[in-house]
Amino acid sequence: MANDSKTWRCGKYELSFDRPRIMGVLNVTPDSFSDGGEHFDPDAAIEYGLAMLDAGADIIDVGGESTRPGFTPVNPDEEARRVLPVVRALAKEGAIVSIDTRHVAVAKAAVRCGASIVNDVTGFTDPKMVEFVATSTCGVIVMHAGEVAAPARTHATVQLDTSAAAFVAEKAREAAAEAAREAEKPARRRRGKLLGEPKTEAKLPGGVVQPSLPFGDPEPAPEPTGEQKQETPAAEQAAPAAEATATPEPAPEPSDHLAAMMRRSARREEAYVPTSQLRRFTLPDSAPIMRRVMGFLSDQARALIHAGVSRDRICIDPGPGFGKTANEDIVIQRETAKMASLGYPLMCAVSRKRFVGAVSGVTEAAERDAATFGVCLGAIQAGANIVRVHDVTGFAQFLNGYWAVAKPQPRRAFVAVGSNLGHRCDNIRAARDMIAEIPLTCVSNCSRIYESEPAYETRQDAFANAVIEIKTELAPLVLLDELMKIEAELGRDRSKKAKVNGPRTIDLDLLWMDGEIHGGEKLRLPHPLIGERDFVLVPLEDLMHDPARFFRYNGVEVKEPEDRVGHIVGELGRM
């Protein structure tokens, strides 16, 4: 299940999987399969990325090259121009940013701009990409992109031509071949057969004749002798007529290997299956498919480890839709538990894919979100840790509803409470009582109430401050919404005319939650200013030993007491 002991180190961040993590898809492309062009403008992409964070995304996956079937490869310079402004802006807002690229130059630039994860659709098969991530601290996503079925033998298409010229040409070729064989026969015979004469049929036990099967490559025709060249004018005359009726050759495959594979995948998916190929089972055998997928993922992960990438930085993704048919994708999804058993964080990246449309009957990719949620739920129950989706808002609601009922998971959190209008201590106690009434939440401990100097906006009355320790089963953004409701009920003015750090009847800040890292405009976890606020760190000393050390361990910069703001000047009593 998703609430396991795996962790994923991604640069300065460490993600735990006590609940599934949501990766939001941000395509900065004009041609992605379901949202191409919607976020091609950098400003629009940044705005959408921040909106996904505020809707519940834990990670934003930024890509500048579409890899849909039939895609046009993008050169690294153009890809970097698309994605780097977006990566930089989102990382500045505290987001965990993943760069979706197969180009090492783009990956390097994105990591310098603040990306914490490299998501390589080619599975780190480029030695230069392996060399780069081995020298960095970013997280890596190894994806399988390729066909999983054994390559089928192909047979040349026979083009019938009944013209007289073609008949004459065929007879001439037969005569030339017969003359060549007669010229090459050795003089000696053995047991009534010429030595070197090719065998055209073989006898099986019981005298049954087994004809030669046309599965091998055809042998090259012998070069004609000088005499034979003179005897074939009819064939040369008939050649133009035969060429005129020949089937034109198909267009060459693109030189880009990934593009060629995705084109072949689309053709396989769309090919008509005649009745002579009816199967006895609804799905193909899973064993050979999973050997290919899991073998590749295991091999690439081990290669990264041998190159110097620590195991806890590696995530794996079976790559649904990349070189796979709908049947093969379903087989792979049903084997999620086996992939999770490899021990690496496992991603489910099925959002709006072709096979999701196949099983749900939904043709338009953008309308497959509900079906996507169903497939993702099955993957989560089988052990997937990260879910990559386009509709973050919808999936966050879906996941929060499911998780609240299916997975009891109380987590520790701290809420800072402040007031400098009206009866300050009474306001704080009222907020405490209302926090205790939030669904799936209880108050487990409270600090004393302290008086502090005003911070940031100094021309106002002194504040009363405290910190409340709670246990909650709500997601961080859901809990934040409940805290905002309490502020509004107790008279907090959050209109544009109110000063950001000015007087208020009550102020509730979610400081920290066990196992949660979050970025965005609505909520940042841990709270980005916790390390400089004396009116928060001193009350926290009532609830934990050495809060400065605790938060430094969690990656928060904590200032020395003399350098902080809002210094404590007295104690106002117990809560």
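All of the points below concern the structure found in this document. (Residues numbered from 1 in each chain as written. Predicted model: local features only at pLDDT ≥ 70, side-chain atom pairs only at ≥ 80, totals over all residues. Heavy atoms only, no water.)

1. Things to note about the overall build of the protein chain
Part 1 of the reasoning: For the protein chain, the count of helices and strands is 18 helices and 20 strands.
Part 2 of the reasoning: Counting only contacts in the protein chain whose residues sit at least 6 apart along the sequence, the fraction spanning at least 24 positions is 72%.
Part 3 of the reasoning: Working note: accessible area of the protein chain is about 29,700 Å², and carbon and sulfur atoms make up 52% of it. (Helix = DSSP H or I, 4+ residues; strand = E, 2+ residues; numbered from the N terminus. Contact = heavy atoms within 4.5 Å. Areas by Shrake-Rupley, 256 points an atom, 1.4 Å probe, with all protein chains shown as cover.)

2. Structural notes on the environment of Ser16
Part 1 of the reasoning: Secondary-structure assignment places Ser16 in strand S2 (residues 13-16).
Part 2 of the reasoning: Linking Ser16 and Glu516, residues 500 residues apart in sequence, is a C-alpha distance of 7.9 Å.
Part 3 of the reasoning: Among the polar contacts made by the side chain of Ser16, one reaches the main-chain carbonyl oxygen of Gly515 at a distance of 3.4 Å. (Polar contact = N/O pair within 3.5 Å; in protein donor to acceptor, adjacent residues only side chain to side chain.)

3. Considerations on unusual backbone geometry
Part 1 of the reasoning: Residues Leu525 and Pro526 are joined by a peptide bond in cis, for which omega reads -10°.
Part 2 of the reasoning: If you check the backbone angles, Arg352 has positive phi at about 60° while not being a glycine.
Part 3 of the reasoning: On the basis of relative accessible area, Arg352 is assigned to the buried category, the value being 10%. (Buried < 20%, exposed > 50% of the residue type's maximum accessible area, 1.4 Å probe, protein only.)

4. Details of the pairing of strand S6 (residues 117-120)
In summary, the side chains of a regular strand alternate between the two faces of the sheet.
Part 1 of the reasoning: Going residue by residue along S6, you find Ile117 and Asn119 tucked away on one face and Val118 and Asp120 tucked away on the opposite face as well.
Part 2 of the reasoning: Where strand S5 (residues 96-100) and S6 come together, three bridges link them in parallel fashion. Bridge pairing in S6 links Ile99 to Val118.
Part 3 of the reasoning: You can see the chain leave S5, run along helix H3 (residues 104-112) and come back into S6, and the turn it takes is right-handed.
Part 4 of the reasoning: With four bridges joining them, S6 and strand S7 (residues 139-143) adopt parallel strand pairing. Bridge assignment links Val118 to a residue of S7, and that residue is Val140.
Part 5 of the reasoning: Each parallel crossover has a hand, and for S6 linked through helix H4 (residues 127-134) to S7 it is right-handed. (Pairing = 2+ DSSP bridges. Right-handed = clockwise from strand over helix to strand, strands pointing away.)

5. Section: the packing of helix H13 (residues 369-382) against helix H14 (residues 392-406)
Part 1 of the reasoning: At a minimum axis separation of 11 Å, H13 and H14 run at an interaxial angle of 45°. On the basis of their axis angle, the class for H13 and H14 is oblique. Of the two possible hands of crossing, H13 and H14 adopt the one that is right-handed. Contacts between H13 and H14 involve Phe373, Cys376, Leu377, Ile380 and Gln381 from the first element and Gly394, Phe395, Phe398, Leu399, Tyr402 and Trp403 from the second.
Part 2 of the reasoning: Taken together, the residues of the contact of H13 with H14 break down into nine nonpolar, two polar and no charged. (Axes fitted to C-alpha atoms, helices over the stretch in contact; angles between N-to-C directions. Parallel < 35°, antiparallel > 145°, perpendicular 65-115°, else oblique. Left-handed = near helix turned anticlockwise from the far one by under 90°. Nonpolar A, V, L, I, M, F, W, Y, C, P; charged D, E, K, R; others polar.)

6. What to know about the environment of Ile468
Part 1 of the reasoning: Tracing the backbone shows Ile468 in strand S18 (residues 463-472).
Part 2 of the reasoning: When its relative accessible area of 0% is taken as the criterion, Ile468 is described as buried.
Part 3 of the reasoning: Separated by 24 residues in the primary sequence, Ile468 and Ser444 have C-alpha atoms spaced 7.9 Å apart.
Part 4 of the reasoning: Setting aside chain neighbours within four positions, we find Ile468 in contact with Ala413, Phe414, Val415, Val417, Arg432, Ile435, Val443, Asn445, Cys446 and Met575.

7. Focus: the pattern of salt bridges
Part 1 of the reasoning: The final tally for this structure, using the stated rule, is 33 salt bridges.
Part 2 of the reasoning: Arg82 is the salt-bridge partner of Glu78, the closest N and O atoms lying 3.0 Å from each other. Here Glu78 and its partner Arg82 are both found in helix H2 (residues 76-92), four residues apart, which amounts to about one turn of the helix.
Part 3 of the reasoning: Note that Arg412 and Glu469 form a salt bridge whose closest N and O atoms lie 3.0 Å from each other. Of this pair, Arg412 sits in strand S15 (residues 411-419) while Glu469 sits in strand S18; the two residues are 57 residues apart in sequence, bridging distant segments of the chain.
Part 4 of the reasoning: A residue is classified by how much of its surface remains accessible, and Arg412, at 28% relative accessible area, is partly exposed.
Part 5 of the reasoning: Ionic contacts of the salt-bridge type, sharing partners, join the residues Asp18, Arg19, Arg21, Asp58, Arg411 and Glu516 into one network. (Salt bridge = Lys/Arg side-chain N within 4 Å of Asp/Glu carboxyl O.)

8. Looking at the pairing of strand S17 (residues 449-452)
Part 1 of the reasoning: Bridge count between S17 and strand S20 (residues 568-573): four bridges; the pairing is antiparallel. Paired with Tyr450 across the bridge in S20 is Glu571.
Part 2 of the reasoning: Here three bridges tie S17 to S18, and the two strands are oriented antiparallel to one another. From the neighbouring strand, Tyr450 faces S18, where its bridge partner is Asn465.

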